[in-house]
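One letter stands for each residue in the lines below.
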Amino acid sequence: SSFSITAPVEHGKGLGHQLGAPTFNQTPSDELLIPARGVYLTCSTIANQNYYGLTNIGTHPTVDVDATLNIETHLLDFEGDLYQKKICVEFIDYIRPEFRFESLEKLQKQMAHRCYR
């Protein structure tokens, strides 16, 4: 079976929404082992429906050099409010390691094309 994280959705900084790719943020319990930093193909279960998405595990190196480790997921075909819902995110495939983009514009362009490699 695949690795998964189940945790409540928390408020983030809203940057994903500003950049055109809204995400939901989760902080897993301290005793849970976390996969390597990077971008993953994932499947999230919300109200008994499955939604594919991209999950980033990392510290937002493009926008905040001092950020703590964060897990955020962008769902490909979902609209709605997820705050305080407990969501299971199943990790399917590792796409690429985390890296810092030279600018927010370059990050936004990458996100818009859904070209995450």
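This section reports on the structure supplied with the text. (Residues numbered from 1 in each chain as written. Predicted model: local features only at pLDDT ≥ 70, side-chain atom pairs only at ≥ 80, totals over all residues. Heavy atoms only, no water.)

## A closer look at the overall build of the chain
Piece 1. If you tally the helices and strands in the chain, you get two helices and six strands.
Piece 2. Along the chain direction, N to C, the helices and strands of the chain fall in the order β-α-β-β-β-β-β-α.
Piece 3. Taking as baseline every contact in the chain between residues at least 6 positions apart, the subset at least 24 positions apart corresponds to 63%.
Piece 4. About 7,400 Å² of surface is accessible on the chain, with carbon and sulfur atoms providing 50% of the total. (Helix = DSSP H or I, 4+ residues; strand = E, 2+ residues; numbered from the N terminus. Contact = heavy atoms within 4.5 Å. Areas by Shrake-Rupley, 256 points an atom, 1.4 Å probe, with all protein chains shown as cover.)

## Quick look at the sheet that holds strand β5 (residues 70-75)
Piece 1. Ordered in space as β1-β2-β5-β4-β3-β6, the six strands form a closed barrel in which the pairing is antiparallel. Across this sheet, the average inter-strand angle for adjacent strands is 45°, counted without regard to direction.
Piece 2. As judged from the five bridges shared by strand β1 (residues 4-10) and strand β6 (residues 86-96), these two strands associate in the antiparallel manner. Residue pairing across strands places threonine 6 opposite cysteine 88, the latter belonging to β6. (Pairing = 2+ DSSP bridges. Axes fitted to C-alpha atoms, helices over the stretch in contact; angles between N-to-C directions.)

## A few points about unusual backbone geometry
Piece 1. Even without glycine at this site, asparagine 48 takes up a positive phi of about 65°.
Piece 2. Assignment of secondary structure puts asparagine 48 in the loop between β3 (38-46) and β4 (49-58).
Piece 3. The exposure class of asparagine 48 is exposed, given its relative accessible area of 78%. (Buried < 20%, exposed > 50% of the residue type's maximum accessible area, 1.4 Å probe, protein only.)

## Points about the pairing of β1
Piece 1. Of the pairings in the sheet, the one linking β1 to strand β2 (residues 24-26) comprises two bridges and is antiparallel in character. Bridging from a neighbouring strand, valine 9 pairs with glutamine 26 of β2.

## Digging into the nonpolar core
Piece 1. By size, the foremost hydrophobic cluster in this structure holds 14 residues, and its most contacted members are Phe24, Ile46, Leu75, Leu82, Ile87 and Phe91.
Piece 2. When near neighbours in sequence (up to four residues on either side) are disregarded, isoleucine 87 contacts Ile5, Thr6, Ala7, Val9, Phe24, Gln26, Ser44, Thr45, Ile46 and Leu82. (Core = buried A, V, L, I, M, F, W, Y, C linked by side-chain atoms within 4.5 Å.)

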